[in-house]
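What follows is the residue order along each chain.
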Amino acid sequence: MRLSPFVAMLLYCTSFAVYLTIQQKLLNMGMSPIYLNTLCYTFAGIFLCAYLFFRNRSAFVIKSKKGLAYGIVIAIVVSIFADMLVLYGLRVGTPITWSLLVCSAPLVTYLLAIPLLKEPLTGRKFLVVVLSILGATLVIYLPGTGIDLKHGAPYFIGAVCFFGIANNLSQLAFKYI
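Definitions and cut-offs
- Residues numbered from 1 in each chain as written.
- Predicted model: local features only at pLDDT ≥ 70, side-chain atom pairs only at ≥ 80, totals over all residues.
- Heavy atoms only, no water.
- UniProt positions renumbered as here; feature names shortened; annotations may be inferred.
- Helix = DSSP H or I, 4+ residues; strand = E, 2+ residues; numbered from the N terminus.
- Buried < 20%, exposed > 50% of the residue type's maximum accessible area, 1.4 Å probe, protein only.
- Axes fitted to C-alpha atoms, helices over the stretch in contact; angles between N-to-C directions.
- Parallel < 35°, antiparallel > 145°, perpendicular 65-115°, else oblique.
- Contact = heavy atoms within 4.5 Å.
- Nonpolar A, V, L, I, M, F, W, Y, C, P; charged D, E, K, R; others polar.
- Left-handed = near helix turned anticlockwise from the far one by under 90°.

Trainee: Quick question: what am I supposed to make of the UniProt feature "domain: EamA" (unreviewed entry) in the protein here?
Mentor: Residues annotated in UniProt with the feature "domain: EamA" (unreviewed entry) correspond here to residues 7–140. Spanning residues 7–140, this segment combines 83% helix with 0% strand, and its end C-alpha atoms are found 18 Å apart.

Structural data, given as structure tokens:
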């Protein structure tokens, strides 16, 4: 069954908003960010492995040690460093602050791609990145809310940087995977 891109986008956005809200509620109830992160990745790993076991067993074949190494580094950067920063940020900040700051991820990814991937800096690409950030911000922004730079923002900014690093590393990994 294939979903239309619009329906898939709506489902993704809705599930992401619900996921963030539930995470913040669990953190505010006293759950440790380390425990919550471990729980999320354990369930995600179990469901992904079960799905691949029944649908595509060839995904378990390791084709490249270098690709595997990149994959492990990416997993550590995202699942440990970035997600932990998000969870610690949600503990003291708000989901709307995280949602607004994560809009800057394309800019961070692009700026990091210049030295890491030798991506050329062009005005056209930079304009497209800025327009994507503005578009995402307009969709997320609620009148009367904003970025709370005192509570959670430093964690969220760190997470955005780690996501940018992981996005660039994934491009390197795709050469081997």
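Trainee: Mind showing me how you'd approach the environment of A136 here?
Mentor: In this fold, A136 is placed in helix α6 (residues 123–140). Accessibility expressed as a relative area gives 28% for A136, which makes it partly exposed. Linking A136 and S99, residues 37 residues apart in sequence, is a C-alpha distance of 9.2 Å.

Trainee: Looking at this structure, I do not really get the packing of helix α5 (residues 105–116) against α6. What am I missing?
Mentor: Any two packed helices are characterised by the angle at which their axes cross and by the distance between the axes. The interhelical angle for the contact between α5 and α6, taken along N-to-C directions, is 155°, at an axis separation of 8 Å. Taken together, the axes of α5 and α6 are roughly antiparallel relative to one another. Within the contact between the two elements, α5 uses P106, L107 and Y110 and α6 uses K125, F126, V129, S132 and I133. Among the residues making up the contact of α5 with α6, the classes are represented as six nonpolar, one polar and one charged.

Trainee: Just checking my understanding: could you explain the packing of helix α1 (residues 5–28) against helix α2 (residues 33–55) for this structure?
Mentor: Contact geometry of α1 with α2 gives a least axis separation of 10 Å together with a crossing angle of 140°. Considered as vectors, α1 and α2 are oriented oblique to each other. α2 is crossed by α1, and the crossing has right-handed handedness. From α1, Y19, Q23, L26 and L27 reach across to α2, where they touch P33, L36 and C40. When grouped by side-chain class, the residues that make up the contact of α1 with α2 number six nonpolar, one polar and no charged.

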